[in-house]
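The lines below spell out each chain.
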Protein chains: 2
Amino acid sequence: MTETVPRPTLEAVAARAGVSRATVSRVVNGSDGVREPLAERVRRAVEELGYVPNQAARSLVTKRHDAIAVIVAEPETRVFADPFFARQLRGISKELTTHDNQLVLLLTEDRDDHVRVGHYLAGGHVDGALVFSLHIDDPLPELIQRAGLPTVFGGRPDWSGGRGGVVYVDSDNRGGARDAVRHLLGLGRSRIAHITGALDQTSAVDRLDGFRDVMVDADPRLVVEGDFTPAGGEWAMRELLDRCPDLDAVFAANDLTAAGALRVLREHGRRVPDDVAVVGFDDMLPIAEQTEPPLTTVRQDIEEMGRLMARLLLRDLDRTTAADENVGGTPSSVILPTTLIRRASA
Amino acid sequence: MTETVPRPTLEAVAARAGVSRATVSRVVNGSDGVREPLAERVRRAVEELGYVPNQAARSLVTKRHDAIAVIVAEPETRVFADPFFARQLRGISKELTTHDNQLVLLLTEDRDDHVRVGHYLAGGHVDGALVFSLHIDDPLPELIQRAGLPTVFGGRPDWSGGRGGVVYVDSDNRGGARDAVRHLLGLGRSRIAHITGALDQTSAVDRLDGFRDVMVDADPRLVVEGDFTPAGGEWAMRELLDRCPDLDAVFAANDLTAAGALRVLREHGRRVPDDVAVVGFDDMLPIAEQTEPPLTTVRQDIEEMGRLMARLLLRDLDRTTAADENVGGTPSSVILPTTLIRRASA
DNA sequence: GTGAAAGCGCTAACAG
DNA sequence: CTGTTAGCGCTTTCAC
């Protein structure tokens, strides 16, 4: 079945149009300098034969692949429990599609995978890489640097080390956290607690910093470490209630954590937001809308993050390829703004 | 920056090992017939030079790409709101990685995208395709058939048309639905309602069929159409409460729908499960665990689905390539079992 | 068993 | 402007 009919080559098209391969190549690649009557003949031949260029042959000579790798390093599987991942991919995909680039997805789980990925990248199959979910001391950046591949990171990488040139796209975690806490303050709350995320991720650290920016001399007992999961949120909330029964607000590092906290508050008979106001982070749907009460939270534009990462990378590739002078300078990181979404919990 | 050091070629390795390119090629590709002393020399040279084969050059001659496309057609963006997608990808990724294949991700949104994807597939960049989320009358299968690419579908495709040879992997939606309803029956419920999913997807149709298998002559008013969303669930639940105030159980086509139904039930003062028992479908975390009360639901092994799809496809490719006789026959579809997960809602 | 040579399909100088 | 001519890096007969 599925008998593989040999696809037509440039040669075939050239023969049919009565021109040389070079001419067909020119037309196909949109390079000007082919007179209309000829060009038209070629286009018809292409159409009639259903010709599609062989990417392998093309890459072999151009050293371009029009493909970029998206690497998601998530040993903890957490990413897969939430819809983030899909959103970012969508943003990336849209941007790449627009520029006729392919998306090669590389998912890693353990150390072995990192070696494999490093090998793959070193193999020069892709023109660049987009990297996600780095945790502290992840070996991946090192491998990528070594492969010498243009790269853009999703989320601020931790290792400040690097040769200065790290480009990343991130949400304004710190600013968003500040907004959340100020909102709580504006509601007249004063005993505001914070349940952090997993502190081996910069997003968690940045949100904590934002909290501290506003609550300069907060009671240290009002900060307890969570891990971005509902279970972590529950545990932390109990701890908080135990330590500081008088708290009147909670800023959770993400919506999942907030959902856990909400449950514990209800269990303890605290009314939300009357007794305790709660603010989350992410605006992760459908979680944020499904909680009881619906969650006030800080929204980040995930899809836009993805799109921007791709755009930055492609721009860099163009510069590199065109060698058109260093016009435009090296690309730099981007921090996307967040928005406070008011629902019922605060 | 990032000065592109030309990577070593087969030629270089051959020179270094003092053998011919052909010999290096043999060693690299694990083809036997190279004597140990030589093979070892070659391996060392490869190691020292950090040689990695150029895939483009290889594909050019082998016509193999060791890459498969994963196509997610989801005009409605629904997929992106849930964690399914990521899970399936993970399963696929694992399997492909094991067999040294790359995953090229193609996301489509509208008609234009379909054309683009069709073109890409026809371009012979990948060896096969894995296709998801088909809705009725989706033009994609047609395009893929035309491209003559080995394909495995995720979820039972609707169009029974096709040349008989459609291979797909799906959960036992119908059987799972039967289990759910029987469970409700076992609880002593008799006025069991069903909120369907979007009926332009086979999974929704199959679940409805399962419901009917058990509730052979159910009151037709007990079935109302939903759309797999929480909002749809809310609307449907209100409708049901209005039509049949005496219902004592609800089987929702998925967890999101169930979450919406739960909210409306609470709003109407119906206690769950005491007054009305509720069962969902998917075991979509963290939704199912977060609802109030936690949801009894039918779990499907999403990741396994992905893994299986990839396995089926790769097997097919091997057969096709090896041309080793038609041993093993054409691959056939697989239906994965589901499991009822008991929590508090029923 | 190992090497030599012939392309795979395409682009990019270079002529004309 | 258009055609001719080299390869890109690799696998694969085919001799030795």
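Below, the structure is looked at part by part. Quantities reported herein were computed from a predicted structural model and do not represent experimental measurements.

Residues and elements named next belong to chain B. Helix H2 (residues 21-28) packs onto helix H1 (residues 10-17) with a crossing angle of 105 degrees between their chain directions and a minimal axis gap of 8 Å. What the angle tells us is that H1 and H2 run roughly perpendicular. Residues Leu10, Glu11, Val13 and Ala14 of H1 pack against Arg21, Val24 and Ser25 of H2. Looking at the contact of H1 with H2 residue by residue, the classes come out as four nonpolar, one polar and two charged.

Each copy superposes on the other: chain B lies on chain A with an RMSD of 0.1 Å after a rotation of 180 degrees and an axial shift of 0.0 Å. Both chain copies can therefore be described as sitting about a two-fold axis.

A few words now on the environment of Val279(A). Residues and elements named next belong to chain A. Along the polypeptide, Val279 turns up in strand E9 (residues 277-282). When the C-alpha positions of Val279 and Arg41 are compared, they lie 65 Å apart, and in sequence the two are 238 residues distant. Among residues more than four places away in sequence, those in contact with Val279 are Ala180, His183, Leu184, Val250, Phe251, Ala252, Thr296, Thr297, Leu340 and Ala346.

Before going further, it helps to spend a moment on the nonpolar core. Nonpolar side chains tend toward joint burial in soluble globular proteins. Of all hydrophobic cores here, the largest spans 62 residues; its most connected members are Val70(A) and Val70(B). Excluding anything up to four places from it in sequence, Val70(B) contacts Leu89(B), Ile92(B), Leu103(B), Val104(B), Leu105(B), Leu106(B), Leu130(B) and Phe132(B). By size, the runner-up hydrophobic cluster in this structure holds 38 residues, among which are Val117(A), Val131(A), Ala69(B) and Tyr168(B).

This brings us to the pattern of salt bridges. Enumeration according to the criterion identifies 62 salt bridges over all chains in this entry. A salt bridge links Glu40(B) to Arg43(B); its shortest N-O distance comes to 2.6 Å. Of this pair, Glu40(B) and Arg43(B) both sit in helix H3 (residues 36-49), three residues apart, which is roughly one turn of the helix. Measuring nitrogen to oxygen at the nearest pair gives 3.1 Å for the salt bridge that ties Arg307(B) to Glu304(B). Taken together, the residues span about one helical turn, with Arg307(B) and Glu304(B) both in helix H14 (residues 302-322) at a distance of three residues. Among the charged side chains, a salt-bridge network with shared partners connects Arg64(A), Asp66(A), Asp127(A) and Asp318(A).

Okay, the side chain of Gln290(A) next. Summarising the element assignment, Gln290(A) is placed in helix H12 (residues 287-290). Sequence-distant contacts of Gln290(A), defined by excluding residues within four places in its chain, comprise Pro230(B), Ala259(B) and Arg263(B).

Taken together, 28 residues lie around DNA strand C, and Leu10(A), Arg21(A), Tyr51(A), Thr23(B) and Arg35(B) are the ones closest in. Take the atoms of DNA strand C that sit within 4 Å of the protein: sugar and phosphate atoms are 64% of them. Between DNA strand C and the protein, one listed contact pairs a base nitrogen with a side-chain N or O atom of Arg26(A) at 3.5 Å. Arg35(B) places a polar main-chain atom, nitrogen or oxygen, 2.6 Å from a phosphate oxygen of DNA strand C. Contributing elements (two or more residues each) for the surface near DNA strand C: helix H2 (21-28) and helix H4 (55-62) of chain A together with H2 and helix H4 (55-62) of chain B. With five residues, the top contributor of residues to the surface near DNA strand C is H4(A). Looking at the surface near DNA strand C residue by residue, the classes come out as 13 nonpolar, eight polar and seven charged.

What follows is about H2(B). Residue and element names in this part refer to chain B. The complete set of buried residues in H2 reads Thr23, Val24 and Val27. Considered in projection along H2, the buried side chains sweep an arc of 100 degrees and stay on one side of the axis. Residues of H2 that are buried make contact with H1 and H3. After H2 finishes, the residue Gly30 shows a positive phi value of roughly 65 degrees.

A separate point is the sheet that holds strand E5 (residues 168-171) of chain A. Reading across the sheet, the twelve strands line up as E11(A)-E5(A)-E4(A)-E3(A)-E1(A)-E2(A)-E2(B)-E1(B)-E3(B)-E4(B)-E5(B)-E11(B) and stay open at both edges, with mixed pairing between neighbours. The open sheet terminates on both sides in strands that have one partner only, identified here as strand E11 (334-336) of chain A together with strand E11 (334-336) of chain B. In this sheet, adjacent strand axes meet at a mean angle of 20 degrees when their direction is disregarded. Both strand E1 (residues 67-73) of chain B and strand E2 (residues 102-108) of chain B contribute to a ladder of seven bridges, which runs parallel. Within E2(B), the position partnered with Ile68(B) by the bridge is Leu103(B). Against the sheet, helix H5 (residues 84-98) of chain A touches strand E1 (67-73), strand E2 (102-108) and strand E3 (128-132) of chain A together with E2 of chain B, its axis set at about 155 degrees to E2(A). Strands in contact with helix H8 (residues 140-147) of chain B are E1, strand E3 (128-132) and strand E4 (151-154) of chain B; relative to E1(B), the strand with the most contacts, it is inclined by about 160 degrees.

What follows covers the protein's contact with DNA strand D. Neighbouring DNA strand D are 28 residues; Thr23(A), Arg35(A), Leu10(B), Arg21(B) and Tyr51(B) lie closest to it. The sugar and phosphate moieties of DNA strand D supply 61% of its atoms located within 4 Å of the protein. For the surface near DNA strand D, the leading source of residues is H4(B), giving five residues. Within the surface near DNA strand D, the residues separate by chemical class into 13 nonpolar, eight polar and seven charged.

The rules behind these values
- Residues numbered from 1 in each chain as written.
- Chains lettered and ligands numbered in written order.
- Predicted model: local features only at pLDDT ≥ 70, side-chain atom pairs only at ≥ 80, totals over all residues.
- Heavy atoms only, no water.
- Axes fitted to C-alpha atoms, helices over the stretch in contact; angles between N-to-C directions.
- Helix = DSSP H or I, 4+ residues; strand = E, 2+ residues; numbered from the N terminus.
- Parallel < 35°, antiparallel > 145°, perpendicular 65-115°, else oblique.
- Contact = heavy atoms within 4.5 Å.
- Nonpolar A, V, L, I, M, F, W, Y, C, P; charged D, E, K, R; others polar.
- Least-squares fit on C-alpha atoms with pLDDT ≥ 70 in both.
- Core = buried A, V, L, I, M, F, W, Y, C linked by side-chain atoms within 4.5 Å.
- Buried < 20%, exposed > 50% of the residue type's maximum accessible area, 1.4 Å probe, protein only.
- Salt bridge = Lys/Arg side-chain N within 4 Å of Asp/Glu carboxyl O.
- Near = heavy atom within 4 Å.
- Polar contact = N/O pair within 3.5 Å; in protein donor to acceptor, adjacent residues only side chain to side chain.
- Arc of directions from axis to C-beta.
- Pairing = 2+ DSSP bridges.

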